[in-house]
Structure formats: structure tokens, C-alpha cells
Amino acid sequence: MRIFLAFCITIISLTAAAQKKSAWVNGKVIDENEKPLQKVSVVILGKSTGTQTNDSGYFKIKVPADKAFALVFSYLGYKDAQKNFYLSNNEEETATIQMAPDGKTMAAIIVSDDNQRKEAGLVKINPKNAITMPSTIGGVEGLIKILVGSNNELTSQYSVRGGNYDENLIYINDFEIFRPYLVRSGQQEGLSFINPEMAKNVNFYNGGFQAKYGDKMSSVLDIQYKKPGSFGGTAYVSLLEQGFHLEGANKKGNVTYLMGVRNKSNKNLLSAQETVGSYIPSSSDFQTFITYKVNEKLQLEFLGNYSVTKFTLLPQSAQKTTSVFSPLFTANLGLDIYFEGKEQDGYKTNLLGLSMLYNPNKKIKLKWMLSRFQNKENENFDIAGAYLFGDRDFDKTSSTFGQIVNPLGAGYYQNYGRNTLDIAVYNAAVKGSIDKGKHFIQFGNSIEQTNINDKLNEWEYQDSAGYSLPHNPANLNLFKVLKTTADLSIQKFSGYVQDNIRLGKAAKDITLQAGIRYNYNSLNKQFLLSPRMQLSFKPQWKKDVVLKFAAGSYNQPPFYRELRRYNGTLNTDVKAQKSYQLVAGMDYNFKGLEGRPFRITTEAYYKNITDVDVYDVDNVKIRYAANNDAKAYATGVEARLFGELVKDAESWFSIGFMRTKENLNNDFYYQYKNAAGEIINAKSTDQVAVDSIRNEMGFVRRPTDRLITVGLYLEDYLPTNKNFKVHLNMLYGSNMSYNIPNSVKYRNALIIDPYIRIDIGFSAQLLTEKSKRRSHSPFKDFDNIWASFEVFNLIDRPNTISYQLIKDFSNTTYSIPNRLTPRLVNFKVVARF
């Protein structure tokens with residue numbers, strides 16, 4: 001009996017000891033686009049229980065040690081994935097699992113995303129494409145430009161549905177982001193605030209957005225940064241930009257961190273500009289996002305950013321050329337400029353944001369936010385140029401090839417500036433939501449303090465044919481002088497409430513979003529109310545169609561740039577620009593080539609805008625009239641096709657038709673007649689005007705008016721090897737208008753030629769799948785490494801961004817185009833671990 005008991009105790013002890021031998025496997029599960037998959041089933045092969053991935057696609061599971069086993073990953077719409085392991089006792093291994101779509105059930109995946117399909121103007125963007133897409137600016141904004149169009153590859157700013165750059169809202173984790181204000185050209189810009197490697201969700205609304213978003217008229221870019229569950233990161237190097245990011249969480253999973261460092265230099269891009277000289281651009285930033293889960297109901301979040309951008313230019317010379325065609329003559333006009341002087345600009349931006357999230361129960365969510373945003377900018381330039389203007393010789397057999405052989409004008413000018421701008425924005429806000437079944441109520445309120453200190457000191461001297469302009473024999477006059485200071489303290493109060501209501505017998509039949517927001521600005525003491533509504537309807541048709549409608553009031557109070565007149569003085573009485581917008585659209589899912597899923601979205605829109613503060617755009621510099629003396633409208637139709645033209649390769653096509661015009665108050669000019677009834681020049685000295693005709697200008701094109709916009713993004717790969725890929729993006733935009741300063745008759749009358757650009761990139765995966773690498777490989781911890789060769793402006797088109805106006809000896813004005821970048825190449829290596 002004793003022997004039997006001893007034997008039983010020994011067996012139990014050995015069994016218990018064996019049971020203690022265990023290990024851990026953690027990691028993340030991603031789809032074919034490297035987006036995290038949530039609620040993926042993770043089970044040990046042969047077992048019936050396991051775990052699931054969280055919202056960020058991460059998982060952790062306890063597994064047996066000292067024996068072979070396999071994990072099976074299952075998710076609706078994707079093929080099951082299986083990975084084999086053999087781990088020692090207490091060993092922990094990290095794995096990244098990429099699941100491939102199951103073509104038989106892909107349609108079900110598309111149909112299940114109805115909530116996003118019901119929102120008017122919403123476009124979901126995959127931030128991972130921002131790294132692989134060939135683009136001079138990169139980032140999320142590069143993807144947006146394919147959707148909304150662009151006319152400048154050097155800037156991350158974009159125009160949406162006839163609006164300008166100042167009419168776009170940007171949020172990161174609910175904190176509003178601001179851009180530098182003194183930037184005059186795209187070559188001075190640095191990094192975009194958004195780090196795509198840190199982004200989880202990117203929602204872009206190009207109109208008709210909800211009341212919960214702020215007080216601007218054109219678009220919303222809403223970005224949420226990731227909350228990782230395990231360690232990982234990215235490192236990349238290219239001729240234009242370098243950077244890395246790290247992410248991870250502690251063992252308990254209640255602390256997560258993201259941090260990224262980037263550096264960018266456009267020196268290679270700018271070296272091919274028309275203006276020859278020494279370009280020294282640089283931009284660096286550091287970002288971090290940290291979360292701490294105190295308990296199941298309370299969580300703290302911190303978002304921080306610090307960015308420094310510097311731009312130095314020592315110009316030497318410039319050669320510009322344009323062609324003139326008319327029934328009477330043809331000419332190749334050239335402008336040669338020889339510079340002296342220097343430009344040195346600097347921009348510093350920092351953001352500190354702290355959030356506290358409290359969920360007392362499953363139906364109520366509250367979020368308190370505190371933030372401080374500061375933007376310090378300075379411009380210093382003193383550049384003089386002597387120029388010669390005339391016919392350029394393009395006869396290659398001539399000894400004067402490339403030179404100006406018939407001078408039409410000559411002169412000298414000098415631009416001087418010492419400008420500083422310091423903007424600090426302090427914000428305290430609370431927002432929340434209440435889930436009441438068929439009603440989902442959202443609300444929020446914020447208080448904002450804005451301090452602005454600005455010093456503007458600019459002057460311009462012009463000398464034409466030996467005479468200073470404006471000419472006064474007794475004095476030396478400057479052509480333009482701007483010298484002002486401003487010290488503003490502005491309080492802003494805003495808030496909103498909206499209800500998301502599910503109507504109809506089926507929960508997904510009809511959805512109504514109705515809300516209202518308010519805004520009060522202490523500077524102009526204006527109180528605004530903006531009601532907004534969205535309605536979506538999914539008819540019970542055989543086709544998978546969602547119909548969408550939106551209407552509302554979108555008012556934009558002036559921030560700062562809208563207050564400054566052309567002469568540099570401030571008008572603090574400028575009121576908000578007001579718009580009423582209507583949007584109607586359709587979302588249609590269908591199966592296309594070989595049964596692959598496709599999606600078409602179409603929207604028609606109309607904006608009626610009053611109290612317009614008219615503006616001119618020169619490169620990226622926006623100059624306002626600082627009044628509310630106009631009305632305007634914008635109307636158009638947009639259509640987009642999303643799908644896989646090639647299996648497992650994402651592509652989309654976008655086309656838009658738009659017209660936007662404005663009508664200024666009291667914009668008229670006179671034509672004068674002589675005694676014979678002929679139209680004469682009012683300044684003529686040999687004819688006498690005896691009569692005049694008043695001409696009202698009426699509606700004229702706005703600076704952002706563009707009839708046709710086309711964007712295309714394509715992915716492809718070798719049929720025999722998906723590790724070799726090609727990415728192509730193409731942009732076409734029809735002509736735009738450009739303003740002639742101080743001219744009523746010819747306001748926005750100059751025409752900028754259509755913008756056409758094609759960028760292409762070729763990528764190769766340098767590492768095979770992680771599971772196939774040897775354990776002693778120095779790259780065993782890398783998920784993948786890609787190398788890319790990119791060609792920018794493949795067709796080498798000399799696109800025009802603006803014009804330089806030059807007068808000849810007879811005082812006739814000519815417009816000489818300022819060109820953008822020619823064909824250039826870039827190399828890039830991206831490693832993920």
C-alpha cells in the first residue's frame with residue numbers, strides 16, 4: 001500500500017512539474033495592407049479555446065514548452081493562417097502574422113463596413129500607403145492630393161472643393177493642429193505634422209461633415225494614433241527623408257508608447273529649380289504618444305510634438321522662358337536675373353496635449369483635454385536682382401544660343417524683410433457620448449485662448465530703365481512698404497451636440513445625424529450657430545447601394561491671416577465667412593474582375609458662401625483683402641473607384657468636375673470713348689475722352705477654380721513574385737486662374753496651364769518571410785525590409801505655380817511663369833521590426 005501511495009505521489013509530482021513548463025507567444029495580426037485585424041481567433045491546433053486580438057491587432061497566449069505545437073489564426077473573410085513553434089520553458093516569442101483575403105468571402109467584408117459608408121464625404125485612408133507611395137512630400141497629405149487634386153508637389157497643403165489651404169481642419173487624437181503662416185513657397189516647408197508610421201486610423205471628410213467637427217468650410221482630416229500591444233518599429237532612409245519610430249507596451253498592457261523621429265531635406269529637389277543658388281533646407285521633429293490605463297474605467301493619454309524647420313537660400317541667378325503665340329507674331333521671351341543677398345527663415349512648432357478618458361459604464365464615455373500649441377516663425381531676407389528681359393535665341397547653331405538678343409526691358413529690384421510671428425493657443429475641452437440604443441448622443445465644449453504677437457517689416461524697391469518706381473525726380477520712393485505690429489489676445493468659445501438616430505424597421509435601414517454647434521469670438525464679438533444634418537438610406541435593392549445626403553451651415557471665423565490687409569494693417573472687425581452646403585451621394589459595392597470586390601462613390605455638392613474675405617494665392621502664400629465684401633459659390637460632382645485591378649493590389653481612381661466663382665461688391669471699371677465713339681486708353685495724351693461706360697465685373701473665377709481634377713493610384717507586382725512591386729500615382733488638373741494685382745478689369749484673368757504629373761516607384765522585398773529565416777540570421781527580428789527606386793515627374797513636365805510680372809521699355813506688362821520641379825530620382829529603404 002505504501003509503495004502504491006509513493007508511486008501515485010511521484011506520478012502526480014512529475015505531472016505537476018510537467019504542467020509548469022510553459023511559454024508565451026505574443027505579436028500582432030495584420031491584413032494584406034499591413035492594417036491590424038481585431039478579434040482574430042488565436043487557438044493552439046487541436047484545442048478548442050484560445051484568445052483574440054485586441055483593437056490594435058495584438059495578442060498574447062500561453063503555450064506549452066519543450067514540445068512542438070502550432071497556432072491557428074482565423075478571421076471571417078480571410079484564409080486561416082498557421083504557424084509552427086518550438087519554445088523552451090519560460091521563453092517568449094514575438095510573431096507578426098499576415099493574413100490573406102479569402103476571395104469567396106471578401107464581399108461579406110465590404111458589406112460589413114456600413115457605418116463608414118453612411119457618412120457623407122468620408123474617405124478612409126490606409127496610412128501604410130504613405131510610405132510606399134512615390135511622392136516628393138510623402139505622408140498622408142500625399143495620398144489626399146490624389147483624391148482632391150494638387151498644383152504643387154512641394155507643399156503638403158491641399159485645396160478641397162474650391163476652398164483654400166486655410167479652410168481645412170486637422171485633428172490628431174482630437175487635438176486641433178495648426179500650420180506655419182509665414183511660409184511663402186513650398187520649398188520653405190518642412191515636415192508635415194502627421195507621422196504616418198504612428199497613425200492607426202485616417203478619416204478624411206471632403207465636405208458635409210458632422211457638427212462635432214470645428215468651424216471651417218472645406219474639409220476635416222481626423223487621425224488617431226496607435227495604441228500598440230507589443231514592441232515594434234520602423235526605420236527608413238531616403239535621399240529626401242530619414243526617420244524611425246518605436247512602439248510597445250509594458251507586460252501588464254496598461255502602458256503603451258509611440259515615439260517617432262524624422263528628418264527631411266529637400267536639397268536634392270531644390271537643386272534643379274530655375275533659381276540657381278545654394279539651398280540649405282532642413283526639418284526635424286520628434287513626436288510621442290503615451291497612454292496609461294489606470295483601471296477599466298479611467299485612462300490617461302499624452303501627445304507631444306516638437307518640430308524645427310530652417311530654410312536658407314543664397315541665390316545666384318535665374319533663367320526663365322516663356323513663349324508667346326498670336327496671329328501677328330510668335331516670340332520666345334526670356335528673363336535673366338542675377339542675384340545678390342540671402343534669405344534665412346525659421347519655424348518652430350510644439351504641442352503638448354493631455355487627455356483623461358473616463359467610462360463610468362458601457363454606455364457613457366467622457367474625455368477631458370488640455371493642450372498648448374505654439375508656433376514661432378521668423379523671416380529674414382534681403383535679396384537684390386538685376387534683370388534683362390527680351391527675346392531669347394533658341395537657334396542651337398547660333399553663337400548667341402540661349403542668350404537674350406533683343407532686349408525689351410531691364411531693371412533692378414530689392415526685396416527686404418524682417419518678420420516675426422509668435423502664436424500660442426491654449427485649449428481646455430470636454431467631450432463625451434451616451435449610447436441609448438437607437439440614439440447615440442455626442443456633445444462637447446471648449447474654451448480657447450489665442451495670443452498672437454506679430455512684427456511685419458518689409459519693403460520693395462524697383463528700378464526700371466534707370467528710374468525708380470514710382471518715379472519722383474525729387475525723391476527716392478520705395479515701390480512697397482509694409483511696417484506694422486500686432487499684439488492680440490483672443491478668447492474663443494465653442495461647443496456642439498448631435499444625435500445619431502437609427503430609424504426604420506431594420507437597424508441599418510436609415511440613419512440620421514442631426515446636430516448644432518456654436519462659436520463665439522471675443523475679437524469681433526460674433527456669435528454663430530451652425531446646424532448640420534446627415535441622412536443615409538440603404539434601400540432593399542439587389543444591388544448593395546447606400547444613398548447619402550447632407551446639409552448644413554459651415555461658418556469660418558477669422559484666425560489671423562484673414563485679418564491682415566494687403567497693406568499690412570489689421571482689420572479686427574472682419575466677420576466670419578458663412579456657407580450653406582448641400583451634398584448628395586451614393587456608395588455602391590459590386591464584384592468586378594474575376595469576382596474581386598470594387599466600390600464606387602459619387603457625390604454632388606453645392607456651396608453658397610457669403611461675407612467672403614477675398615484672397616490671392618501666390619505659390620502657397622495667401623493674401624486676404626481683410627473685408628467681407630463678396631459672395632461666392634462652389635458646385636461640382638466627384639466620383640471615385642476603389643478596388644483591386646490586380647488581385648491583392650490596392651488601387652483607386654478619382655475624377656471631379658468643379659466650378660467656383662466670386663462676386664465682389666463695387667467691382668467695376670470704366671471704358672472711355674472719343675468723339676468718334678471709339679474706345680480709347682484713358683491715359684492717352686493725344687485723344688480726348690468725351691464719354692464713358694461703366695462695366696460691372698459680376699462673377700469671376702476664384703484662385704482655386706479648376707474645372708477638372710483627375711487622380712490615379714495603382715499597385716502592381718510581378719505575376720511570378722509578389723516581392724517585386726510597382727506603385728504609380730498620376731495627377732491631372734485643368735487650368736487655374738492667377739490674379740494681376742491692383743486690377744479690377746483683369747482680376748484672376750491670367751491662366752496657369754494644366755498641372756500634369758506622374759510619379760512611379762519600384763520596390764523589392766530584400767528579406768523573405770520571418771518564419772523562413774534561420775535563427776542565427778542578423779535580420780531574424782525584422783518583419784520585412786523593402787528597397788525602392790522612385791522617379792518623380794516621370795514625363796518631365798514643367799508645371800507652373802505662379803507668374804512674375806515684368807514691364808518692358810514701353811510699360812507693357814508680361815507674365816513670366818515660375819516653374820516647379822523637373823524629373824528627379826529618389827532611393828528609399830524601409831525596414832519594419
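As shown above, the structure is provided for reference.
Residues numbered from 1 in each chain as written. Predicted model: local features only at pLDDT ≥ 70, side-chain atom pairs only at ≥ 80, totals over all residues. Heavy atoms only, no water.

## As for the overall build of the protein chain
- From N to C terminus, the protein chain includes 6 helices and 45 strands.
- Looking at the protein chain as a whole, 51% of its 833 residues qualify as buried.
- If you take every contact in the protein chain between residues at least 6 apart in sequence, the share linking residues at least 24 apart comes to 67%. (Helix = DSSP H or I, 4+ residues; strand = E, 2+ residues; numbered from the N terminus. Buried < 20%, exposed > 50% of the residue type's maximum accessible area, 1.4 Å probe, protein only. Contact = heavy atoms within 4.5 Å.)

## Concerning the side chain of Arg-564
- Relative to the helices and strands, Arg-564 is located in the loop between strand S26 (544-556) and strand S27 (577-591).
- Arg-564 has contacts with Asp-454, Leu-456, Thr-484, Thr-569, Leu-570, Tyr-624 and Ala-626, leaving out every residue within four places of it along the chain.

## What to know about the sheet that holds strand S33 (residues 668-673)
- The strand order across the open sheet built from 3 strands is S34-S33-S35, with neighbouring strands paired in antiparallel fashion. Both outer strands of the open sheet, strand S34 (679-680) and strand S35 (691-696), are each paired with one neighbouring strand and no more.
- Of the strand pairs in this sheet, S33 and S34 are connected by 2 bridges, and their pairing is antiparallel. Residue pairing across strands places Tyr-672 opposite Ile-680, the latter belonging to S34. (Pairing = 2+ DSSP bridges.)

## Looking at the nonpolar core
- Counting 57 residues, the largest nonpolar core has Leu-221 and Tyr-225 as the members making the most contacts within it.
- Here the element with the most residues in this core is helix H5 (residues 139-148); it accounts for 6 residues.
- Setting aside anything within four residues of it in sequence, one finds Tyr-225 in contact with Ile-172, Asn-173, Phe-193, Ile-194, Asn-195, Met-198, Ala-199, Lys-200, Leu-258, Gln-287, Phe-289 and Leu-303.
- Val-40, Phe-73, Ala-81 and Leu-87 belong to the second-largest nonpolar core, a separate cluster that totals 21 residues. (Core = buried A, V, L, I, M, F, W, Y, C linked by side-chain atoms within 4.5 Å.)

## Observations regarding the sheet that holds strand S1 (residues 22-30)
- What the 3 strands build is an open sheet, ordered S4-S1-S7; its pairing is mixed. Two strands bound the open sheet, and with one partner strand each, they are strand S4 (58-64) and strand S7 (92-98). Here the average twist between neighbouring strands, direction ignored, is 25°.
- Where S1 meets S7, 7 bridges bridge the pair, whose relative direction is parallel. If you follow Val-25 over to S7, its bridge partner there is Glu-93. (Axes fitted to C-alpha atoms, helices over the stretch in contact; angles between N-to-C directions.)

## Some details on the environment of Arg-819
- Structurally, Arg-819 is set in strand S44 (residues 813-819).
- Given a relative accessible area of 22%, Arg-819 falls into the partly exposed group.
- When neighbours within four sequence positions are excluded, Arg-819 is seen to be in contact with Gln-273, Glu-274, Thr-321, Pro-798, Asn-799 and Thr-800.
- Engagement of the side chain of Arg-819 in a polar contact is seen with the side chain of Thr-800, the distance being 2.8 Å. (Polar contact = N/O pair within 3.5 Å; in protein donor to acceptor, adjacent residues only side chain to side chain.)

## A word on the side chain of Glu-562
- Relative to the helices and strands, Glu-562 is located in the loop between S26 and S27.
- One buried charged residue, Glu-562, forms no salt bridge at all, with the nearest opposite charge on Arg-561 at 6.2 Å.
- Among the polar contacts made by the side chain of Glu-562, one reaches the main-chain amide nitrogen of Phe-559 at a distance of 3.1 Å. (Lys, Arg positive; Asp, Glu negative; His and termini not counted. Salt bridge = Lys/Arg side-chain N within 4 Å of Asp/Glu carboxyl O.)

## Some remarks on the packing of aromatic side chains
- Inspection of every chain in the model, using the stated rule, returns 26 aromatic pairs.
- A centroid spacing of 6.5 Å and a plane angle of 70° characterise the contact between Tyr-225 and Phe-289, whose relative ring orientation is edge-to-face. You can see Tyr-225 sitting in strand S12 (residues 219-225) and its partner Phe-289 sitting in strand S16 (residues 275-293), a full 64 residues away along the chain. Per residue, the accessibility class of Tyr-225 equals that of Phe-289, and both read buried.
- With centroids separated by 5.0 Å and ring planes inclined at 55°, the aromatic side chains of Phe-389 and Tyr-814 adopt a geometry described as tilted. Remark: Tyr-814 occurs in strand S44 and Phe-389 occurs in strand S19 (residues 364-392); sequence separation between them is 425 residues.
- An aromatic cluster of three or more residues is present, and its members are Phe-178, Tyr-181, Phe-373 and Phe-559.
- Looking at Lys-60, its charged tip hangs above the ring of Trp-24, at a distance of 5.2 Å from the centre. (Phe/Tyr/Trp six-rings, centres within 6.5 Å; stacked < 30°, edge-to-face > 60°. Lys NZ or Arg CZ within 6 Å of the ring centre and 35° of its normal.)

## Some thoughts on the pattern of salt bridges
- Following the criterion strictly, the structure yields 31 salt bridges and no others.
- One salt bridge in this structure joins Arg-659 and Asp-705, with 2.4 Å as the shortest N-O distance. Separated by 46 residues along the polypeptide, Arg-659 in strand S32 (residues 649-664) and Asp-705 in the loop between strand S36 (699-701) and strand S37 (708-718) bring together distant segments of the chain.
- Judged by relative accessible area, Arg-659 falls into the partly exposed class, the value being 25%.
- Each member of the salt-bridge network shares a partner with another, and the members are Arg-161, Glu-603, Glu-638 and Arg-640.

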